[in-house]
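Now for the letters of each chain:
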Amino acid sequence: MKRRGTWAAVCAAVLAGAVLWLLWPGGGAEPTVLRSGTEHYRVRLTVERSGTGPVTIDVADLRGRPVTLRSVTVEPVMTNMGHALEPVTTVAQGPGRYRAERLALPMGGAWALTVLMHGPEGTDRATFPVLVAG
């Protein structure tokens with residue numbers, strides 16, 4: 001019985017390491033692209049450089065068509081440390097595309113970026129986990 005618990009713990013550790021490796025944004029490497037969805041939208045967040053932005057947010061309806069929203073903001077929170085930064089307002093770049101040029105995350109570690117999409121259906125939220133090299 002102890003052997004099975006040890007095996008499960010090893011598998012969980014390997015899986016957690018693989019997820020961290022896949023989500024870890026490399027400094028100057030390929031952009032990190034994360035996807036999520038809400039009741040009304042499909043959301044793609046692209047982080048170009050770890051910790052300093054810019055970030056691009058693509059919003060589409062459930063059929064994949066770009067959506068024009070009243071506003072899109074990003075709320076960065078470092079949940080483990082209890083840090084929350086001022087929300088960053090994005091600038092519309094075209095239908096369904098929004099960009100925040102400088103989303104500065106001041107310390108390395110696990111962050112949660114909550115994207116708030118203010119549209120005709122109300123406000124939708126999508127939260128993305130981002131690891132910043134420190």
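To be clear, the structure that these remarks concern was listed above.
Reference entry: report on the structure contained in this document.

The rules behind these values
Residues numbered from 1 in each chain as written. Predicted model: local features only at pLDDT ≥ 70, side-chain atom pairs only at ≥ 80, totals over all residues. Heavy atoms only, no water. Helix = DSSP H or I, 4+ residues; strand = E, 2+ residues; numbered from the N terminus. Buried < 20%, exposed > 50% of the residue type's maximum accessible area, 1.4 Å probe, protein only. Contact = heavy atoms within 4.5 Å. Areas by Shrake-Rupley, 256 points an atom, 1.4 Å probe, with all protein chains shown as cover. Pairing = 2+ DSSP bridges. Axes fitted to C-alpha atoms, helices over the stretch in contact; angles between N-to-C directions. Core = buried A, V, L, I, M, F, W, Y, C linked by side-chain atoms within 4.5 Å.

Focus: the overall build of the chain
Next, step 1: Helices and strands together make up the secondary structure of the chain, namely one helix and 10 strands.
Next, step 2: Reading the chain from its N terminus to its C terminus gives the helix and strand order α-β-β-β-β-β-β-β-β-β-β.
Next, step 3: Looking at the chain as a whole, 37% of its 134 residues are labelled buried.
Next, step 4: Restricting to contacts in the chain with at least 6 residues of sequence separation, those with at least 24 account for 52%.
Next, step 5: When the accessible surface of the chain is split by element, carbon and sulfur atoms take 58% of a total near 8,200 Å².

A word on the sheet that holds strand 3 (residues 55–61)
Next, step 1: Read across the sheet, five strands follow the order 1-2-3-8-7 without closing on themselves; strand pairing throughout is antiparallel. Strand pairing shows two members of the sheet lacking a second neighbour, strand 1 (32–37) and strand 7 (91–94), which therefore form its edges. In this sheet, neighbouring strand axes are inclined to one another by 25 degrees on average, regardless of whether the strands run parallel or antiparallel.
Next, step 2: For strand 2 (residues 41–47) and strand 3, the ladder comprises seven bridges, and the chain directions are antiparallel.

Re the nonpolar core
Next, step 1: Of all hydrophobic cores here, the largest spans 26 residues; its most connected members are Leu 45, Ile 57, Val 59, Leu 69, Val 115 and Met 117.
Next, step 2: Of all elements in the fold, only strand 2, strand 3, strand 4 (71–78), strand 8 (97–100), strand 9 (109–119) and strand 10 (122–132) reach the threshold of two or more residues within this core.
Next, step 3: In this view, Leu 69 contacts Tyr 41, Val 59, Tyr 98, Met 117, His 118 and Gly 119; residues no more than four positions away in its chain are not counted.

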